[in-house]
Amino acid sequence: MARTLVIGFGNDMRRDDGAGRIAAEKIAATYDDVDLLSLAQLTPETAEVIGDYEVVFFLDASVNAKRVEVSEVLPRSGCRSGSGRPMSHTLSPQQVLDLAVELYGTCPPRVLLVEFPVSDLEFGCELSPSTRKMIDEFVESFSAVRPREGGPAEVQAQAASVSPSPGRP
Amino acid sequence: MEPQRTITIEPVTRIEGHAKITIHLDADGQVNDARFHVTEFRGFEKFCEGRLLWEMPGITSRICGICPASHLIASAKAGDAILAIGIPETAEKLRRLLTLAQWTQSHALSFFHLSSPDLLLGFDADPATRNVFGLMAEHKDVIRRGIRLRKFGQEIIETLGGRRIHTPWAVPGGVRESLGAGDRDRLLAWIPEAMETTTIALGILEGVHAKFAHEIPNFGSTPSLSVGLVSEDGGLEYYSGSLRMRDSNGNTIADQLDPTDYSEYLGERSTEWSYLKFPYYKPLGHDGGTYRVGPLARLSVCDYIETPLAEAERQKLRALSADWDVMGNPFYYHYARLIEILFAIEKIEMLLSDSDILGEDIRSKAMINRQQGVGVCEAPRGPLFHHYHVDEDGVIQQVNMLIATAQNNQAMNATVRQLASHYVHGGSITEGALNRIEAGIRCYDPCLSCSTHAIGKMPLQVQLIDSAGRVLGERSR
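Described below are features of the structure shown in this document. (Residues numbered from 1 in each chain as written. Chains lettered and ligands numbered in written order. Predicted model: local features only at pLDDT ≥ 70, side-chain atom pairs only at ≥ 80, totals over all residues. Heavy atoms only, no water.)

Some details on helix α16 (residues 431–443) of chain B
Because each turn of an α-helix spans 3.6 residues, side chains separated by three or four positions in sequence point in the same direction. Residues and elements named next belong to chain B. The end-to-end C-alpha separation of α16 is 18 Å, in line with the 18 Å expected for 13 residues at 1.5 Å each. With 12 of 13 residues buried, α16 lies mostly within the body of the structure. Residues G432, A433, L434, N435, R436, I437, E438, A439, G440, I441, R442 and C443 constitute the buried set of α16. Just beyond α16, the residue with positive phi is D445, at close to 50°. (Helix = DSSP H or I, 4+ residues; strand = E, 2+ residues; numbered from the N terminus. Expected span 1.5 Å × (residues − 1). Buried < 20%, exposed > 50% of the residue type's maximum accessible area, 1.4 Å probe, protein only.)

Encoded structure:
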C-alpha cells in the first residue's frame, strides 16, 4: 500500500488559488514515495481513493490563513446531519473524509489539511512571491511535517513558517 | 388597487451556477408571473478576441468544469471549418468517444449527485439532508455506483486528454494524441459495470415515476419546440448531422437544417433581469419560437437510436403516453438522461471495439483558408455552437457561442411559472413549494457557468416582492 497521498486542489488560473496544486506537484516531484492528485476541486470520486493510503494531505489556498497552517481532519460520526450545506459536485476535505468513511468504510489513519495564505487571486498562472516562498519552505520541510512511519499521530511543525492548528471538528 | 407581490428564490441549489427565482403575485396572492434569473456574468466571448485560433479549444474548455470536453469539441470543429479541412477518420472516432464520455459523466452527475436526493428522499425531505450525504443511510450502493459511473466517463476523458477537465487534446484538424491498445482494453473492461449501474438506475427511476405519478403532471408540458441534431436518416446524433425541430405535438416543422447556419433561423433576445439570453426560432417569433434542447428534446426529434438497449428504452418512454405529453414534460428529462447514458455506453463499446480507434493518423494540418467557421456538437445539455471570425493570420476577431442551457431558458421560465402557479398561493411560499420549483429547474440540469460564461456558486434565495418593488419576504439557504 502506498503510504502518502497529497491532494492539491484549486484554480491554477487564478494565481494563488492554485497554491495547493503547485505545492502538491512539487512535493510529489521531490519525494518518490508520495502519490499525487492535482484537482480543480474535490469531488465524490476523491473519496474512493483516499482509503488506500495511510497518510493523506489536502493542500489548499486560504484567504483566512496568515501563514501556512496544518490541521488534522478527523472523521465525524453522523455526517449526514453534519454535511451542513447543499452539495453538488464539490466537496470540502471534511466531506471527502466523511464520504470515504460512510460509503467505503475506509479512513486513512492520518488526514491533514494544509492551507496556504494568498495575496493575489487575479487571473493568471503565476503565484505571488510571498505564496511561492511559503510553498517552497513547506516543500522543503515536508519530511518534518509528514507523520513518520508508525509514529505517533501528531502534527509536527518544525519549519518556522508552518503553524499547527487544532483539529477540525 | 392592492400591490402585486413577488417571491424570490435565491440562490437555486444543486445546479451549475448562480441564479435566483422571483415569483410575482397579484393582489389576490395568486401567481401572476415567475422568472428564473441568472445573476452571474463572465464574458468569455469578449476576452477571446485577439487570441490565436489554435488556442481556442484550450481556452474555451475553461468555460466549464462540467462539460469542458463539449466546448473543446465545438471549438476544434470551428477550427476545422476555418482551416477548411476534413479530419482523419480515427480523429473523428476519438472525438466521438470523448463526446460520449462527456455525456456519461455529466448525466451521471446530474442523476446520481444532483437529482437523486429529490427523487429518492422526496421533495418534502429536510433540505439539510436532501443531498448525497442524506442518501447514504438507505442508498449507499446507489451512490457508490453513481460515483463509479461518473468516474468511467472521466476515465475515458483523462485517458484521451491527459486530464479529467480542461484538456486541450482536440485541436483544429484533429486531436493531439492517439489511443493505445492497453488503455483501450482497460476502458473496455469497465463497460459491464457501467451498463449494470445504468440498468439499476433505470429500475430506480421506474419506481420514482410510480411514486410521483400524481406530481409529475404538475411539472408541466408548456407548448414548446424540441430541437436537436439527427443523423441523415433521423437517428440520434451527437457529433455531426443536421438540426431537426418538432412541435409539442410531435410534428416535424423544420428538418435538415444546417447547424452552421444557425444564426439564420435562431435568434437571441435579452432582458434587463437576467444575464442569460433567450434564444428562439426566428420564423415563429419570441414566444411561439420557444424551444427546448438536451436529452428529452433529442429523444423527441430522433426517429430511433442506433444501439439496441437504448432504443428499447426510448420506445418505452414514448409508450408512457399515447400523445406527445410525456415528451413535453421536463420531469422526463431524468429518464431521457439515463437512456442517453445507456446509448453512450453501448456506443463507447462499439467505438472501442473498432480497430480504427487505435490509428495513428489523427491530425490534418492546414493554414487559414476561411475567415469564419462554426463548430457544433451535442453537449450533454443540448446543441453547442462556437462561431469564430479570424483574420488572415488566424487571430480571433469575433466570437459567438450559443450554449445549450441558454436555449432552455424560455422553457425553464415556463416550468417555473407552471410550478409556482400550482404550488404557491396566498402570498407565502412553503418549503415544499420551494423545493418543487427548484426541482423543476434541476430537470433541465442547467449549467449557468457555461451559458453566461460565468464563475458559479450555488446558494439559494427566495424573495416576495410587491408591485411597487418592495421586498415583502425573503428566504435563503
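Observations concerning the sheet that holds strand β14 (residues 396–402) of chain B
Two orientations exist for strands paired in a sheet by backbone hydrogen bonds: parallel and antiparallel. Residue and element names in this part refer to chain B. Spatially, β12-β13-β14 is the arrangement adopted by the 3 strands of the open sheet, whose pairing is antiparallel. With partners counted over all chains shown, the strands left at the sheet margins are β12 (372–379) and β14, one partner each. Across the sheet, the mean angle from the axis of one strand to that of its neighbour is 15°, orientation sign disregarded. Where strand β13 (residues 382–390) lies against β14, 6 bridges are found, and the strand directions are antiparallel. Across the sheet, the residue bridging to Y388 is V399, located in β14. Contacting β12 and β13, helix α3 (residues 68–83) crosses the sheet at an angle of about 150° to β12. (Pairing = 2+ DSSP bridges. Axes fitted to C-alpha atoms, helices over the stretch in contact; angles between N-to-C directions. Contact = heavy atoms within 4.5 Å.)

Some points on the pairing of β13 of chain B
Put simply, side chains in a regular strand alternate between the two faces of the sheet. All names here are of chain B. Burial analysis of β13 places 8 of its 9 residues in the buried class, which makes it a mostly covered element. In the sheet, β12 pairs with β13 via 8 bridges, with the strands oriented antiparallel. Paired with V374 across the strands is H387, a residue of β13. Counted along the chain from β12 to the antiparallel partner β13, the turn is 2 residues long. Two successive antiparallel strands, β13 and β14, enclose a turn made up of 5 residues, where G394 displays a positive phi of approximately 85°.

Points about unusual backbone geometry
All names here are of chain B. The phi dihedral of Q256 is positive, around 55°, even though this residue is not glycine. Q256 gets classed as partly exposed once you look at its relative accessible area, which sits at 49%. Even without a glycine there, the phi angle at D445 is positive, about 50°. Following the sequence through the fold, D445 ends up in the loop between α16 and α17 (448–451).

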